[in-house]
Amino acid sequence: MTPSAAYALADAEPTPFWLADKDRPAARPALVGDETCDLLVVGGGYSGLWTALIAKERDPERDVVLIEGAEIGWAASGRNGGFCAASLTHGLGNGLARWPDELATLEELGIRNLDAIGEAVARYGIDCAFERTGEIDIATEPHQIAELEEFAEDAAGLGLDRHTFLDQDALRAQVDSPTFLAGLWDRDGVAMVNPARLAWGLKQACLGLGVRIYERTRATDLASEGLGMAVRTPYGRVFARHVALGTNAFPSLVKRVRPYVVPVYDHALMTEPLTDELLAAIGWKNRQGLSDSNNHFHYFRITEDNRILWGGYDIVYRYGGGVRAEFDHHPATYEKLARHFFRCFPQLEGLRFTHTWGGAIDTCSRFSAFFGTAHAGRVAYAVGYTGLGVGATRFGAEVMLDLLSGERTERTELEMVRSKPLPFPPEPLRWAGIGITQWSMTRADTHGGRRNLWLKAMDKVGLGFDS
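What you see is a predicted model; the values in this text were computed from it and never measured.

A.B. asks: Can you help me understand the pairing of strand β15 (residues 308-312) in this one?
C.D. replies: Burial runs high along β15: 5 of the 5 residues are buried. In terms of strand pairing, strand β12 (residues 262-271) meets β15 through 3 bridges, oriented antiparallel. Within the sheet, the bridge partner assigned to Leu269 lies in β15 and is Trp310. In this structure, strand β14 (residues 298-302) lies alongside β15, joined through 5 bridges in antiparallel fashion. Bridge pairing links Ile302 to Ile308 in β15. Taking the residues that link successive antiparallel strands as the turn, the β14-β15 hairpin has 5 residues, and the phi of Asn306 there is positive, at about 65°.

As structure tokens, this is what we get:
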């Protein structure tokens, strides 16, 4: 570890910055006994919260219960980088590769979805520092410049006028780093948020509409019960006409879904607040979200109080795919991230990190959510957001509610909604395949972006691995 990285990490708290908030709401009591409702939502992250909220907005008389195994927003929804993106397809490139014929529609639906999130934040008075600043994808290697120019042309061909290509001078006028070569600024397709406060605000909005929320209430079993469903919890049961599953990286109650998702661990650092002098040294006047264009990429953004969140790069998979608290921290990744941070921003030498943390992401082989029903249409699920769930989970909530209603909508007719990704193989093939893919991605990053035979074969069959 370099001395500057070691010094910068020395006093960091090993806890998610967003969740270490003095205004964090108290958890609601656990479910004890039996409950009956029209709709049961399992999971208290964005996926479940949006589903419960929209269900009540569509039909205020619908009786909705939400159960959460720990506390609202404690997992990915309270630990992420706060990039609330319009993209439903994990970016333009992935969308073009998988659904070229409907990508224009998917982009339009994504912007409408982001608009609706902003409207909900305003309508319910959610204090989550929602800033629609956009995001810049950054080339840090020469071969990535042409890739960004190609993406800009693809966007123009789809009639998307919100993307602007930035050469090196234009990019460094926005944010100054000696590693930046060019950028593609999506000016309106991404908002920055405080992710935990967004989750807590959605919780309060749900309660205000009459949703009954039980925290520290883990769903342990799902079974048909007459014309509805029964979900067992440690101290009771919930009987519901319909169930929506928003459990994401955790093992699905619908067991046939499990092979399609693997939990991978992502990690982040948060700096102390920057002084006015340090802010002037790097610019960043327009407060966009930033990410580089490597396979192993960094994402970074500036917070409401002028800290820098710096995350990504490593994608840590544990053999067997478990989700456990001891997997949240990975000191080797923190050290690597700290070194990369000062390489990107040498002007910030001496800045210290105040928080380090990690958490699980629900990754699927097509990098974007997939959807379905079980138990004769009484159960719906949306899973596999692969790191872009802050915005896309609201769209997934709409899809789940459409599927449960039996309606044919613009959403349910999409090929993206009707199709499934390829499942991951069982262990030990999964472990070996992910390891080879990781090695190959790293090699591509250091060899001009050239993809080896393994990655080309994975591309051909539509099987990928990302975060």
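Past the structure itself, the notes keep going.
A.B. asks: Sorry if this is basic, but what is going on with the packing of aromatic side chains here?
C.D. replies: Geometrically, a pair of aromatic rings is defined through the distance of the ring centres and the angle of the planes. Applying the stated criterion across every chain yields a total of 20 aromatic pairs. Judged by centre distance (5.9 Å) and plane angle (70°), the ring pair of Tyr319 and Trp431 falls under edge-to-face. Taken together, the residues span a long stretch of sequence, with Tyr319 in the loop between β15 and α10 (331-344) and Trp431 in helix α13 (residues 429-446) at a distance of 112 residues. Between Phe371 and Phe395, the ring centres sit 6.3 Å apart and the planes meet at 75°, which makes this aromatic pair edge-to-face.

A.B. asks: What is the right way to look at the sheet that holds strand β5 (residues 163-166) in this model?
C.D. replies: Strand pairing in a sheet takes place through backbone hydrogen bonds and is either antiparallel or parallel in direction. Across the sheet, 8 strands lie side by side as β5-β6-β4-β13-β14-β15-β12-β16; this open sheet has mixed pairing. Of all the strands in the sheet, just β5 and β16 (353-363) have a single pairing partner and so form its edges. Averaged over all adjacent pairs, the angle separating strand axes in this sheet is 20°, with direction ignored. Pairing between strand β13 (residues 289-292) and β14: 2 bridges, direction antiparallel. Opposite Ser291, over in β14, you have Tyr299 as the bridge partner.

A.B. asks: What is the right way to look at helix α6 (residues 142-157) in this model?
C.D. replies: In an α-helix, one full turn covers 3.6 residues, which means residues spaced three or four apart are oriented alike. Over its 16 residues, α6 extends 24 Å from the first C-alpha to the last, a length consistent with the 22 Å expected when each residue adds 1.5 Å. Contact partners of the buried residues in α6: α4 (92-98), β4 (135-139), β5 and β6 (182-186). Phi for Gly159, located one or two positions after α6, is positive at around 80°.

A.B. asks: Explain the pattern of salt bridges to me, please; I cannot follow it from the model alone.
C.D. replies: For side chains bearing opposite charge, pairing can occur when the charged atoms are close. The tally for this structure, following the rule as stated, stands at 33 salt bridges. Linking Arg197 and Asp23 is a salt bridge whose minimum nitrogen-to-oxygen distance equals 3.2 Å. With Arg197 in helix α8 (residues 195-208) and Asp23 in the loop between α1 (3-9) and β1 (33-42), the pair connects residues that are 174 residues apart, well separated along the chain. Measuring nitrogen to oxygen at the nearest pair gives 2.7 Å for the salt bridge that ties Lys203 to Glu215. Separated by 12 residues along the polypeptide, Lys203 in helix α8 and Glu215 in the loop between β8 (212-214) and β9 (221-225) bring together distant segments of the chain. Comparing Lys203 with Glu215, the two get one shared label, buried. Each member of the salt-bridge network shares a partner with another, and the members are Asp21, Lys22, Asp23, Asp127 and Arg197.

A.B. asks: Would you mind showing me how to read helix α11 (residues 389-405) here?
C.D. replies: Along its 17 residues, α11 runs 23 Å from first to last C-alpha, staying within 8% of the 24 Å computed at 1.5 Å per residue. The buried fraction of α11 is high, at 15 of 17 residues. Trailing α11 by a residue or two, Gly406 shows a phi angle of about 80°, which is positive.

Here is what the cut-offs are and how they apply
Residues numbered from 1 in each chain as written. Predicted model: local features only at pLDDT ≥ 70, side-chain atom pairs only at ≥ 80, totals over all residues. Heavy atoms only, no water. Buried < 20%, exposed > 50% of the residue type's maximum accessible area, 1.4 Å probe, protein only. Helix = DSSP H or I, 4+ residues; strand = E, 2+ residues; numbered from the N terminus. Pairing = 2+ DSSP bridges. Phe/Tyr/Trp six-rings, centres within 6.5 Å; stacked < 30°, edge-to-face > 60°. Axes fitted to C-alpha atoms, helices over the stretch in contact; angles between N-to-C directions. Expected span 1.5 Å × (residues − 1). Contact = heavy atoms within 4.5 Å. Salt bridge = Lys/Arg side-chain N within 4 Å of Asp/Glu carboxyl O.

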